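Working through the structure, step by step
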Amino acid sequence: MITLSIVELRLLLRRRVTAFSVVVVPVGLAALTLFGQKPDDPALWGRLLSTNFLLLTMLSAYLVSLTVFTARRQSRVLKRLRTSELSDSAILGGVLAPVFVVGLAQTAAYLVFCVATGAPPPQDPVAVVAGVVLGVAVATATGVATACLTRTVEATQLTGTPVLLAAVGGMFMTASTEPALVTIGLVMPIAGPGDLVARGWGGGVTEAALPAVPLGLAATVLWFAVSGVVFHRAFRWEPRA
């Protein structure tokens, strides 16, 4: 499995679409943060960093897992790997582990860069770490679930768009002052982990954060469950007709 993961990691940089997500997206967000207007309030920093975290996660972990998984299935790589000594779970883990690890590394590098260039340190590091891990994990799982419904690599641009739009919409809704919009926004993909990052960075998870945090976490669990159901029902080792 480790050998397969290393091979997959190298392949991420060979395809232009995945290389763009892995390299250009985090560098671009770092440049925007460096040269853009910097907030004075830690809470505003939390919202800014959580917004960029959501964008980075969706444009990297989600799109890369969607593209990679679809490409490996359509090129019959997954089917050929089943003839090896690896188990089915080891094959899936070997293909997806690099996406998850790269997503975590990108986010960590981006946040460290922001602190080094002027952002205040997080008030609640545990909440930030939990939000980052949950966000990258659910983005990867959702990408795989979307890939199960996607016939070709070219079609990923179409099948991935609704989830991307929902995530961006949730990002704006959670920043609203209207409780109803915040509630709807927290149900969107990655919104719960993003909100956790914002609260952990800006002021910690306090009593004032309730019930937003439990709602966001419940929505995250729901997205994991939905992704699992889709994977269980629609997953194919062979190319989709």
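Please refer to the structure higher up on the page.
Residues numbered from 1 in each chain as written. Predicted model: local features only at pLDDT ≥ 70, side-chain atom pairs only at ≥ 80, totals over all residues. Heavy atoms only, no water.

1. Observations concerning the nonpolar core
- Judged by nonpolar contacts, the single largest core of 47 residues is most densely connected at Phe69 and Tyr110.
- Residue assignment for this core shows that the elements contributing at least two residues are α1 (2–12), α2 (16–35), α3 (42–74), α4 (77–81), α5 (88–116), α6 (125–148), α8 (161–174) and α10 (191–202).
- The element contributing the most residues to this core is α3, with 12 residues.
- Not counting chain neighbours up to four residues away, the residues in contact with Phe69 comprise Leu78, Leu92, Leu96, Val144, Ala147, Cys148, Phe231 and Phe235. (Core = buried A, V, L, I, M, F, W, Y, C linked by side-chain atoms within 4.5 Å. Buried < 20%, exposed > 50% of the residue type's maximum accessible area, 1.4 Å probe, protein only. Helix = DSSP H or I, 4+ residues; strand = E, 2+ residues; numbered from the N terminus. Contact = heavy atoms within 4.5 Å.)

2. Considering the pattern of salt bridges
- Across all of its chains, the model carries five salt bridges by this definition.
- Of the charged contacts, one joins Glu238 and Lys79 as a salt bridge, the two residues approaching to 3.2 Å between their closest N and O atoms. Of this pair, Glu238 sits in the segment after α11 (212–234) while Lys79 sits in helix α4, and the two are 159 residues apart along the sequence.
- Since its relative accessible area comes to 41%, Glu238 is described here as partly exposed.
- A salt bridge links Arg82 to Asp88, with the nearest nitrogen and oxygen atoms 3.0 Å apart.
- What you see here is one network of salt bridges that share partners, running through Arg47, Asp195 and Arg199. (Salt bridge = Lys/Arg side-chain N within 4 Å of Asp/Glu carboxyl O.)

3. Topic: unusual backbone geometry
- The backbone of Arg76 shows a phi angle near 65°, a positive value even though the residue is not glycine.
- With respect to the helices and strands, the residue Arg76 is situated in the loop between α3 and α4.
- Judged by its relative accessible area of 41%, Arg76 falls in the partly exposed class.
- Despite not being glycine, Ile190 shows a phi value in the positive range, around 70°.
- By secondary structure assignment, the location of Ile190 is in the loop between α9 (179–186) and α10.
- Judged by its relative accessible area of 4%, Ile190 is buried.

It is worth stressing that arrangement in space is one thing and function is another; only the former is reported here.
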